[in-house]
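# Structural overview
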Amino acid sequence: MAEGSDPQQDVTYRAPVGSVDLKAFDEDGNSYEIRACHDCLPWYAEVVVVAGEVLIREWHAVGCPQFQELIRD
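Below or above, wherever it landed, is the structure these notes cover. Numbering of residues starts from 1 in every chain and runs along the sequence as written. The predicted nature of this model means local features are confined to residues of pLDDT at least 70 and side-chain atom pairs, given and counted, to a pLDDT of 80 or more, with totals for whole chains, interfaces and linings taken over all residues. In computing side-chain properties, one takes all heavy atoms of the structure into account and sets aside hydrogens as well as water.

### Focus on the layout of surface pockets
We place a 1 Å grid over just the protein atoms. Points where a 1.4 Å probe fits but has no way out form a cavity, open points with protein on both sides within 12 Å along at least 5 of 7 lines form a pocket, and any residue with an atom within 4 Å of a point lines it. Grid points are joined across faces, edges and corners, and a volume is the space filled by probe spheres set on the points. Roughly 240 Å³ of internal volume is contained in the largest pocket. As for the largest pocket, its lining consists of 13 residues, and the residues nearest its centre are Leu 22, Tyr 32, Glu 33, Ile 34 and Glu 58. Looking at the lining of the largest pocket, the elements with two or more residues in it are strand S1 (17–23), strand S3 (53–61) and helix H1 (65–72). Strands here mean DSSP runs of E at least two residues long; helices mean DSSP runs of H or I at least four residues long; both are numbered from the N terminus.

### Quick notes on the pairing of strand S2 (residues 44–50)
Paired strands, in this sense, are two strands between which DSSP finds at least two bridges. Summarising the sheet, S2 and S3 pair through seven bridges and their orientation is antiparallel. Across the sheet, Ala 45 pairs through a bridge with Glu 58, a residue of S3. Linking S2 to S3, which pair antiparallel, is a turn of two residues; within it Ala 51 sits at a positive phi near 55°.

### As for a nonpolar patch on the surface
Like charges within 9 Å and nonpolar side chains (Val, Leu, Ile, Met, Phe, Trp, Tyr) within 5 Å are joined into patches, using only residues over 30% in relative accessible area that form no salt bridge. Residue burial considers only the protein chains on display, and all accessible areas are found by Shrake-Rupley using a 1.4 Å probe. By definition here, a salt bridge exists when the distance from a side-chain nitrogen of Lys or Arg to a carboxyl oxygen of Asp or Glu is within 4 Å. A cluster of nonpolar side chains, namely Phe 25, Val 47, Val 49 and Val 54, defines an oily patch on the protein surface of about 360 Å² accessible area. Within the element layout of this structure, Val 47 appears in strand S2. The buried label applies to any residue whose accessible area, calculated with a 1.4 Å probe on protein chains only, is under 20% of its type's maximum; exposed applies above 50%, and partly exposed to all values in between. With relative accessibility at 60%, the residue Val 47 sits in the exposed group.

### Overview of the packing of aromatic side chains
Any two rings among Phe, Tyr and Trp, with Trp reduced to its six-membered ring, count as a pair given centres within 6.5 Å; such a pair is stacked if its planes are under 30 degrees apart, edge-to-face if over 60, and tilted if neither. Within the structure shown, the criterion is met by one aromatic pair. Note on Tyr 44 and Trp 59: the rings are 5.8 Å apart at their centroids and 10° apart in plane angle, and the pair reads as stacked. Linking Tyr 44 in strand S2 with Trp 59 in strand S3, this pair joins segments that are 15 residues apart in sequence. What makes Tyr 44 partly exposed here is its relative accessible area of 43%.

Written out as structure tokens, the structure reads:
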């Protein structure tokens, strides 16, 4: 990262990452579609079970605009 650049905008493979858990299914039992994030390089998703509920855990660079939007909601 260049000196003086904003660390909140670092979306490279070296960027710090954070995760958010999202519902895997809607109220009718239909699965949500997962799409890769094109805003950050370290994005990946995994299926997890928390308290008996199936969730999708998405990992993003913490400076990723999509991640920032997800954690605001």
